[in-house]
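Now for the letters of each chain:
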Amino acid sequence: MMRTTTWRGAVILFATAAYLGLAGCRVGPQYVRPAAPLAPEFKEALPGNFKPVEGWKQAQPSDAQLKGDWWTLYNDPQLNTLEAQIDPGNQTLKQAEENFRAARAAVRFSRASEAPTIGVGPSVGAVRDSNHQPYLNVSGANDGYGDFILPFDLDYEIDLWGRVRRTVAQSREEAQVSAADLETARLSLHAELAMDYFDLRSADAQVKLLDDTVKAFQSALQLTEDRYNGGASPLSDVTQARTQLQAAQVQATDVAIQRAMYEHAIAVLIGKPPAVFTLTADPITVAAPQIPAIPGMLPSQLLERRPDISSSERNMAAANEQIGIARAAYYPTLSLSAAAGFAGTSAINWFSWPSRFFAVGSTLSETLFDHGRRRATSDIALAQYDGTVAAYRQTTLTAFQQVEDNLNALHNLEIEARQQHDATASAQQSLDLFNTRYEDGVDTYLQVITWQTALLQNERNDIDITQRRFEANVLLIKALGGGWDTSQLPQRP
């Protein structure tokens, strides 16, 4: 009867402790997302102040939203092929993925504290006491003794004040931070590849332009040499034409260096050594560049669409849990311990019923004086939380700035492109005019050289502006989150 009563008391004690752990209160503040600086709409997308940006539309329910594979908007099969190799091949992305895996494992580690820890440590030993051992050897005999022990130990912290639950919640939120950081890295890498790709295609256009220019300058040099040999032009015309040709050749070599660097960067982004990767030349279209339309959104939607903003917000939630963990240290800690098993003098009676033993008990501990350690820990947690709030708001402001910057760039680059097309056409007309006047002997070759240089510079500006329009378009998509949203964050790992 005594045996049954003892075991029943132990079970009741453990059940009561478990109930207290589940029903205990949680000290510390409940998390509420702090307000972020917002505007009713993006300034640079306002209609009426100026012509709406080409490629930007006000948000409408019928608009197709950005998707995960946003680069398909450019309808470029080569770009699609390269972008598909980022996820399996990029090593920076793999590192971010492993960091996320580690963060998910950390959640499981923290959650393990919600359950008791049970251990076992079987042992077999023998002891022979010295005949000369004082006080302990009362009988004077020295026959020795042995033990066969199989103990099971249980330790469990009763979560009265929510410390364990807040630790688990903090780990979960840190895993979401890691997931958002992974998506930020993914978005950045895909955008970097797209920009490098369009830069490379712009370099191809520059190479083609300069190759054509070199051929034209070679013809011009031949013309001046013929006129010099015929006595119609001075030697200075020949040297000027030769200098112009050589300068164009230098520019072509310089662009070839840039083109190779873009190709190498793309190779590394997709996880390949530059030596085994080659992209065939494909000059960008200057006359009518295929810049896709991007659906618009309100500033408030940006908070849900940017993974870096989501990461900052989850950091705030994790820091809030740390405040509760620090405050829980002010309250007593209740722990439950139990031990049970078998202990015998030989292998024969080791597992017999009389060899059983058990013990169960609880410990309530409280720190009475720590010279301000808990207060300092709490102050640190509060300061770190305030820091995450500032970081969240700054990240939000930076996101709005990036959208506004690229909206403004797209609008003004569209205007600049039209202006540059007109300037290029004028330069071509002037060059044709002075070529005719030179051949007729009306003007010197200096006029031809001047307008050859002006035309080449304007044609290169055409390509440069087209390149910048594609870059601004990619950066706008990146600034809008690339189609990602907070619903893709992992839930309870």
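All figures in this text were calculated on a predicted structure; none of them were measured in a lab.

Visitor: Could you give an account of the overall build of the chain, with specific residues and numbers?
Guide: Along the backbone of the chain there are ten helices and seven strands. By residue count, 40% of the 493 residues in the chain fall in the buried class. Nonlocal contacts in the chain, meaning residues at least 24 apart in sequence, comprise 84% of its contacts between residues at least 6 apart.

Visitor: How would you explain the pattern of salt bridges if you had to name every residue and give the values?
Guide: Applying the stated criterion across every chain yields a total of 23 salt bridges. Between R259 and D204 there is a salt bridge, and its shortest N-O distance comes to 2.7 Å. Taken together, the residues R259 in helix α6 (residues 235–269) and D204 in helix α5 (residues 163–229) connect sequence positions 55 residues apart. Here the two residues R259 and D204 agree in accessibility, since each one is buried. Residues R468 and E416 are paired through a salt bridge, measuring 3.7 Å at the closest nitrogen-oxygen approach. Here E416 lies in helix α9 (residues 373–439) and R468 lies in helix α10 (residues 445–479), a separation of 52 residues in the sequence. Judged by its relative accessible area of 29%, E416 falls in the partly exposed class. Taken together, the salt bridges that share partners define one network made up of R33, E304, E313 and R314.

Visitor: So what's going on with the packing of aromatic side chains? Which residues, and what values?
Guide: Between two aromatic rings, the relevant description is the distance of the centres plus the angle of the planes. Applying the stated rule across the entire model yields nine aromatic pairs. Here F198 and F470 contribute two aromatic rings whose centre-to-centre distance is 4.4 Å and whose plane-to-plane angle is 25°, an arrangement assigned as stacked. Remark: F470 occurs in helix α10 and F198 occurs in helix α5; sequence separation between them is 272 residues. Given a relative accessible area of 1%, F198 falls into the buried group. Classification of F470 as buried rests on a relative accessible area of 4%. Between the aromatic rings of F434 and W451, the centroid separation amounts to 6.3 Å while the plane-to-plane angle is 5°, which identifies the pairing as stacked.

Visitor: Any chance you could break down the environment of V164 for me, citing the residues and the numbers?
Guide: In this structure, V164 sits in helix α5. Taking the C-alpha atoms as reference points, V164 and S113, separated by 51 residues in sequence, lie 6.6 Å from one another. Not counting chain neighbours up to four residues away, the residues in contact with V164 comprise S113, E114, E157 and D159.

Visitor: Which residues make up α5, and what are the values?
Guide: Relative to the 99 Å expected for 67 residues at 1.5 Å per residue, α5 spans 96 Å between its end C-alpha atoms, a close match to the ideal helical length. Positive backbone phi, at 80°, marks G231, one or two positions downstream of α5.

Visitor: Give me the confidence of the model for the chain: which residues, what numbers.
Guide: Across the chain, the average pLDDT comes to 84, with 86% of residues at 70 or higher. At the level of individual helices and strands, the chain shows its lowest average pLDDT in strand β1 (residues 56–57), which scores 42, and its highest in helix α2 (residues 77–83), which scores 96. Per-residue pLDDT stays below 50 along residues 1–5; that stretch engages in two contacts with residues further than four places along the chain or on separate chains. Predicted confidence for residues 46–64 stays below pLDDT 50, and this span has 37 contacts to residues more than four positions away or in other chains.

Visitor: Describe α6, with residues and values.
Guide: End to end, α6 covers 52 Å across 35 residues, agreeing with the expected 51 Å (1.5 Å per residue, within 8%). One or two positions beyond α6, positive phi appears at G271, with a value near 80°.

Visitor: Give a description of the packing of α6 against α10 that names residues and reports values.
Guide: Close contact between α6 and α10 brings their axes to 9 Å; oriented N to C, the two are set at 15°. When the interaxial angle is binned, α6 and α10 end up roughly parallel. Between α6 and α10 lies a crossing whose hand is right-handed. Judged by residue contacts, D237, Q240, A241, Q244, Q251, V255 and Y262 of α6 engage Y445, L446, I449, Q452, T453, L456, R460 and Q467 from α10. Grouping the amino acids of the contact of α6 with α10 by side-chain chemistry returns seven nonpolar, six polar and two charged.

Visitor: I'd love a proper account of the side chain of E83, names of residues and values included.
Guide: Locating E83 in the fold gives a position in helix α2. In this structure the side chain of E83 is engaged in a polar contact, spanning 3.5 Å, whose partner is the backbone nitrogen of A194. Once residues lying within four places of it in the same chain are set aside, the contact partners of E83 are W71, H190, L193 and A194.

Visitor: Describe the environment of E416, listing the residues and the values that go with them.
Guide: Sequence-wise, E416 and I465 are 49 residues apart; in three dimensions their C-alpha atoms are separated by 7.6 Å. With residues up to four places along the chain from it excluded, the contact list for E416 reads I465 and R468.

What counts, and at which threshold
- Residues numbered from 1 in each chain as written.
- Predicted model: local features only at pLDDT ≥ 70, side-chain atom pairs only at ≥ 80, totals over all residues.
- Heavy atoms only, no water.
- Helix = DSSP H or I, 4+ residues; strand = E, 2+ residues; numbered from the N terminus.
- Buried < 20%, exposed > 50% of the residue type's maximum accessible area, 1.4 Å probe, protein only.
- Contact = heavy atoms within 4.5 Å.
- Salt bridge = Lys/Arg side-chain N within 4 Å of Asp/Glu carboxyl O.
- Phe/Tyr/Trp six-rings, centres within 6.5 Å; stacked < 30°, edge-to-face > 60°.
- Expected span 1.5 Å × (residues − 1).
- pLDDT = per-residue confidence, 0-100.
- Axes fitted to C-alpha atoms, helices over the stretch in contact; angles between N-to-C directions.
- Parallel < 35°, antiparallel > 145°, perpendicular 65-115°, else oblique.
- Left-handed = near helix turned anticlockwise from the far one by under 90°.
- Nonpolar A, V, L, I, M, F, W, Y, C, P; charged D, E, K, R; others polar.
- Polar contact = N/O pair within 3.5 Å; in protein donor to acceptor, adjacent residues only side chain to side chain.

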